[in-house]
Amino acid sequence: MNNESRRDFIKKAAIAAAGVTIVPRHVLGGPGFRAPSDMLQVASIGVGGMGGSDVNKIFQSNKANIAYLCDVDKARAKGSVEKFPNAKFYTDFREMLDKEAQHIDAVSISTPDHNHAIQALAAMELGKHVYVQKPLAHDVWEARALTHAAKRYKVVTQMGNQGASGDGVRQMREWIDAGLIGDLVEVYAWTDRPVWPQGIAWPAQKAAIPSTLDWDKWLGTAPYTEYFDKLVPFNWRGWWPYGTGALGDMGCHNLEAPFSIYGLQYVKDVQASVGSVYVDEFKRGYFPESCPPSSSVTMTFPKTAKTKGDVKVHWMDGGIQPPRPDELGANEKFGDGGNGILIIGSKGKVLADTYAANPRLLPTTKQYKKVAEKYKRVPGGANGHWAQWVEGCLAGYGNMEMSSPFEIAGPLTEALLMANLAIRGADLKIDNKYPGRSLKLLWDNDNMRVTNFEEANQFVKRTYRPGWEVNYTF
């Protein structure tokens, strides 16, 4: 081989070698193949019920590997364990994070409300992206801590209020931006929940702990109590040590749209009234551990760049609904029948269902000007909420817009928990009286304190069970 042929051969061989090395691994693996290095490695805490749904939705993004599963109830976790046989299973999230942190990119948390903060903070402190079911936290202080931590640790966050990714809220924002309803006057949101027992006495009779449930770990941050029947897996929502009632359950869904559209932040004052349960003639029952059967709350938010003044937001649950708008036809459904959102402006009104779905301008018989699509839709709408988080985690902090990042979800949750604080204050019995029932609670946002009813401040940050403290320094 002469020198010219040799040089030509070497050149062609180098080009061929270079061509081989730059072929993407997904091409080598065939259609739909993603290299393990391209997948988000996810650990899921709480994988039964809603947690199982969250795990599946994250997996269906086709860009996430469910690497670890954690649940304190092996029976509830069974379906997820069988679906993801290669995922290592733990019953203690602390052990999982301690042993597997270097192999985890992101953590989804779908546990009862009282354990959200301790689990989310543990993950974020390790630099892990987090998806946390609604409500973000159990107490006002916890919501503030998680909001602060997300920015400190520069992690991608998303709360599990999927309506924030729906087309409905974007359509509503476009109408409002176009001035179709004028200046904001007030907001109403409501739900027919609770659909679990509330306004009841703490059970006197304890029950046998299911053999598949680690009761101590389920309690987590909550005070130790004996197990009682039908608390797990659903009815914990109606007990203050663990849940946040109907407001915590549905408020993050039904108030997200007005909250994000108008840029609302922290409440300045709140007042509440609650339903009563009488156990005998003129004898009102007192059930301090149980959320009330119904409540009505009015929150005042300070003026924002999108409002002309302070904003009144009204919340109702337990089947209570606001006055029906005159513009709504007699046979037209108010919201979706059980839940709804009503935004009242100076020139018109917008009505929507749960999750801000099916928005419509009132009256529906009127012809309105066509408004161009202004805000990018999330692929899959509300069902794309989980995949959006996965994409955001892969893109990295600050590189992709999320529908419900903690910078939005944190203040939203905090406002709802402040409303719960008023509900608990209204139901607080002191010297055989209910002094909180006649008050409007004034809120010092910077110091996270009620300034005119000291007894209510016990609910801003609860006392944690020894060994399960939630510690965070702002």
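Residues numbered from 1 in each chain as written. Predicted model: local features only at pLDDT ≥ 70, side-chain atom pairs only at ≥ 80, totals over all residues. Heavy atoms only, no water.

Our focus in this paragraph is the sheet that holds strand β2 (residues 64–70). The parallel open sheet is built from six strands, whose spatial order is β3-β2-β1-β4-β5-β6. The open sheet has two edge strands with one neighbour each: β3 (88–90) and β6 (157–159). The mean angle between the axes of side-by-side strands here comes to 20 degrees, regardless of whether they run parallel or antiparallel. Pairing analysis gives four bridges linking strand β4 (residues 106–109) to strand β5 (residues 129–132), with the strands arranged parallel. Counted as the bridge partner of Ala 106 is His 129 from β5. This element, helix α6 (residues 116–125), spans β1 (40–45), β4, β5 and β6 of the sheet and lies at about 165 degrees to β5. (Pairing = 2+ DSSP bridges. Helix = DSSP H or I, 4+ residues; strand = E, 2+ residues; numbered from the N terminus. Axes fitted to C-alpha atoms, helices over the stretch in contact; angles between N-to-C directions. Contact = heavy atoms within 4.5 Å.)

Turning to helix α5 (residues 93–100), a few remarks are in order. Of the positions making up α5, those classed as buried are Phe 93, Met 96, Leu 97 and Glu 100. Buried residues of α5, viewed axially, fall in a sector of 95 degrees; they line one side. With a side-chain oxygen positioned 2.9 Å from the backbone nitrogen of Arg 94, the residue opening α5 is Asp 92. (Buried < 20%, exposed > 50% of the residue type's maximum accessible area, 1.4 Å probe, protein only. Arc of directions from axis to C-beta. Polar contact = N/O pair within 3.5 Å; in protein donor to acceptor, adjacent residues only side chain to side chain.)

What follows concerns the side chain of Lys 349. Along the polypeptide, Lys 349 turns up in strand β14 (residues 349–352). Taking the relative accessible area as the measure of exposure, Lys 349 reaches 17% and is therefore buried. In this structure the side chain of Lys 349 is engaged in a polar contact, spanning 3.0 Å, whose partner is the side chain of Glu 327. Look past the residues within four positions of Lys 349 in its chain and what remains in contact with it is Ile 181, Pro 325, Glu 327, Leu 342, Ile 343, Ile 344, Arg 360, Leu 361 and Leu 362.

Overall, the coordinates contain zero disulfides when judged by the stated rule. Left without a disulfide partner, Cys 252 is nearest to the cysteine sulfur of Cys 291, which lies 14 Å away. On the basis of relative accessibility, which here comes to 0%, the residue Cys 252 falls in the buried class. Free of any disulfide, Cys 393 has its nearest neighbouring cysteine sulfur in Cys 70, separated by 19 Å. (Disulfide = S-S within 2.5 Å.)

Here the focus is the pattern of salt bridges. For the structure on display, the rule yields 23 salt bridges. Across the salt bridge formed by Glu 95 and Lys 99, the nearest N and O atoms sit 2.8 Å from each other. With Glu 95 and Lys 99 both in helix α5, this residue pair falls four residues apart, about one helical turn. Accessibility expressed as a relative area gives 32% for Glu 95, which makes it partly exposed. (Salt bridge = Lys/Arg side-chain N within 4 Å of Asp/Glu carboxyl O.)

Cross-referencing UniProt, the feature "domain: Gfo/Idh/MocA-like oxidoreductase bacterial type C-terminal" (unreviewed entry) maps to residues 204–257 in the present numbering. Note that residues 204–257 is 31% helix and 0% strand, and that its end C-alpha atoms are spaced 41 Å apart. (UniProt positions renumbered as here; feature names shortened; annotations may be inferred.)

The next point concerns the environment of Asp 71. Within the fold, Asp 71 resides in the loop between β2 and α4 (74–83). Taking the C-alpha atoms as reference points, Asp 71 and Val 390, 319 residues apart in sequence, are found 21 Å from one another. Beyond its immediate sequence surroundings of up to four residues, Asp 71 is in contact with Gly 46, Val 47, Gly 48, Ala 77, Phe 89, Tyr 90 and Thr 91. Among the polar contacts made by the side chain of Asp 71, one reaches the main-chain amide nitrogen of Asp 73 at a distance of 2.8 Å.

Let's shift gears to the packing of aromatic side chains. Evaluated as defined, the whole model comprises 16 aromatic pairs. Between Trp 190 and Phe 334 the ring centres are 4.5 Å apart and the planes differ by 40 degrees, which places this aromatic pair in the tilted class. Of the two residues, Trp 190 is situated in strand β7 (residues 184–190) and Phe 334 in the loop between β12 (311–317) and β13 (340–345); the sequence distance between them amounts to 144 residues. Ring centres 5.3 Å apart and planes at 10 degrees place the aromatic pair Trp 215 and Trp 218 in the stacked group. Of the two residues, Trp 215 and Trp 218 are both situated in helix α9 (residues 215–219); the distance of three residues between them amounts to about one turn of the helix. Aromatic rings pair up to connect Trp 202, Trp 215, Trp 218, Tyr 227, Phe 228, Trp 239 and Tyr 242 into one cluster. Over the face of the ring belonging to Tyr 434 we find Arg 437, whose NZ or CZ atom lies 5.4 Å from the ring centre. In this arrangement the basic side chain of Lys 461 is found over the ring face of Trp 141, its NZ or CZ atom lying 3.9 Å from the centre. (Phe/Tyr/Trp six-rings, centres within 6.5 Å; stacked < 30°, edge-to-face > 60°. Lys NZ or Arg CZ within 6 Å of the ring centre and 35° of its normal.)

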